[in-house]
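# Structural features, examined
Listed below are the residues making up each chain.
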Amino acid sequence: MSVIMRRILAGTCLGVLFTTSLVTAASAQSRGGRGGQDQQQSDQQTAEDRAKKDDEWGDRSLRMKALKAEGPCPYVKVLYDAARFHEFKDNKETTSNAEWTGEINGVHSECAYKGTDPIQVGMDISFSLGRGPMADGQTKTYHYWIAVTERDQTVLAKQEFELPVTFANGEQKIDVNTRLEGIYIPRADITVSGSNFEVLVGFDVTPQMAEFNREGKHFRYVSTTEKK
């Protein structure tokens, strides 16, 4: 693995604060209800959770597009070694042995800060996730991480996230867009701008997967719409 990959995997939280709000949109996923009473309880719990969050965070809600950064934003990128995820039955790297695949298509980000305030970062991450012929079941939980570094040097913080998806019968690919907000990067003083930091995104991969990616190998399934 590369030096930066080793640093990321060994990184510990040293001061960067992550608070998250995740929203995903996946194709051809259906969920059944459990009855009016359960739904009412669920709605009530959701309302209580929302009220609690508003009470706890209040003015810390990002509303990124309404804010303006007084300096450059951190550089946000997908780490190449961890940009794709591939699992194969018996580790045989063939299409017929593919179990689960994933690819981070891109990241769109924005930031906001002024004075000596922490840098607030929000981002939209686009995934393409695949189910191969040897996959076990219809549901897979992918794992990915966000890491904040000092310009490819010290890892300030790293947090892992789960991305559960369910494939419909016969479906090989799902596209998912995830919104993540609440990355707060402290600044020592007003002279420290966003350009001093990088925010990296990647799948939780094994050393074998990282090597697979570095060699430029690639498996990607297409959706039913793309086949037409």
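So, on to the sheet that holds strand S2 (residues 75-78). Sheet architecture is open: 4 strands sit in the order S2-S9-S6-S7, paired in mixed fashion. Edge strands, defined here as strands with exactly one partner in the open sheet, are S2 and strand S7 (155-166). Across the sheet, the axes of successive neighbouring strands diverge by a mean angle of 20°, strand direction being ignored. Pairing analysis gives 6 bridges linking strand S6 (residues 139-149) to strand S9 (residues 198-203), with the strands arranged antiparallel. Within the sheet, the bridge partner assigned to Val-148 lies in S9 and is Val-199.

A few words on the pairing of strand S8 (residues 173-185). In terms of burial, S8 is a largely internal element, 10 of the 13 residues being buried. Across 2 bridges, the pairing between strand S1 (residues 17-18) and S8 is antiparallel. Residue Phe-18 lies in a different strand from S8, and its bridge partner there is Ile-183. By the bridge criterion, 12 bridges tie strand S5 (residues 119-131) to S8 in an arrangement that is antiparallel. By the bridge assignment for S8, Gly-130 is matched with Lys-173.

Taking burial as the measure, the 6 residues of S9 include 6 buried ones, the bulk of the element. Covered by surrounding structure in S9 are Glu-198, Leu-200 and Gly-202 together with Val-199, Val-201 and Phe-203, the residues of both alternating faces. Judged from the 4 bridges that link them, S2 and S9 form a sheet pairing that is parallel. Its bridge partner being in S9, Lys-77 is matched across the sheet by Leu-200.

Our next topic: the sheet that holds S1. The antiparallel open sheet is built from 5 strands, whose spatial order is S1-S8-S5-S4-S3. Each of the sheet's edge strands pairs with one partner strand only, and the pair in question is S1 and strand S3 (84-88).

Another aspect to go through is the packing of aromatic side chains. All chains considered together, the criterion is met by 8 aromatic pairs. Plain terms: the ring middles of Phe-88 and Phe-212 are 5.8 Å apart, the flat faces sit at 45° to each other, and that makes the pair tilted. Remark: Phe-212 occurs in helix H3 (residues 207-214) and Phe-88 occurs in strand S3; sequence separation between them is 124 residues. On the basis of relative accessible area, Phe-212 is assigned to the buried category, the value being 4%. The ring of Tyr-80 has Arg-84 sitting right over it, with the charged end atom 5.1 Å from the ring centre.

When pLDDT is averaged across the protein chain, the result is 77; 67% of the residues are at 70 or more. A low-confidence stretch, residues 1-14 (pLDDT under 50), is modelled with 33 contacts involving residues beyond four sequence positions or located in other chains. Note that residues 52-62 has pLDDT below 50 and, in this model, 15 contacts with residues that lie over four places away or in other chains.

Moving on, we come to unusual backbone geometry. In this structure, Asp-90 is a non-glycine residue whose phi angle is positive, near 60°. For Asp-90, the position within the fold is in the loop between S3 and strand S4 (98-112). Overall, the relative accessible area of 55% leaves Asp-90 in the exposed class. Positive phi, close to 60°, is recorded for Asn-91, a residue that is not glycine. In this fold, Asn-91 is placed in the loop between S3 and S4. Residue Asn-91 is classed as exposed on the basis of its relative accessible area of 70%.

The rules we used
Residues numbered from 1 in each chain as written. Predicted model: local features only at pLDDT ≥ 70, side-chain atom pairs only at ≥ 80, totals over all residues. Heavy atoms only, no water. Pairing = 2+ DSSP bridges. Helix = DSSP H or I, 4+ residues; strand = E, 2+ residues; numbered from the N terminus. Axes fitted to C-alpha atoms, helices over the stretch in contact; angles between N-to-C directions. Buried < 20%, exposed > 50% of the residue type's maximum accessible area, 1.4 Å probe, protein only. Phe/Tyr/Trp six-rings, centres within 6.5 Å; stacked < 30°, edge-to-face > 60°. Lys NZ or Arg CZ within 6 Å of the ring centre and 35° of its normal. pLDDT = per-residue confidence, 0-100. Contact = heavy atoms within 4.5 Å.

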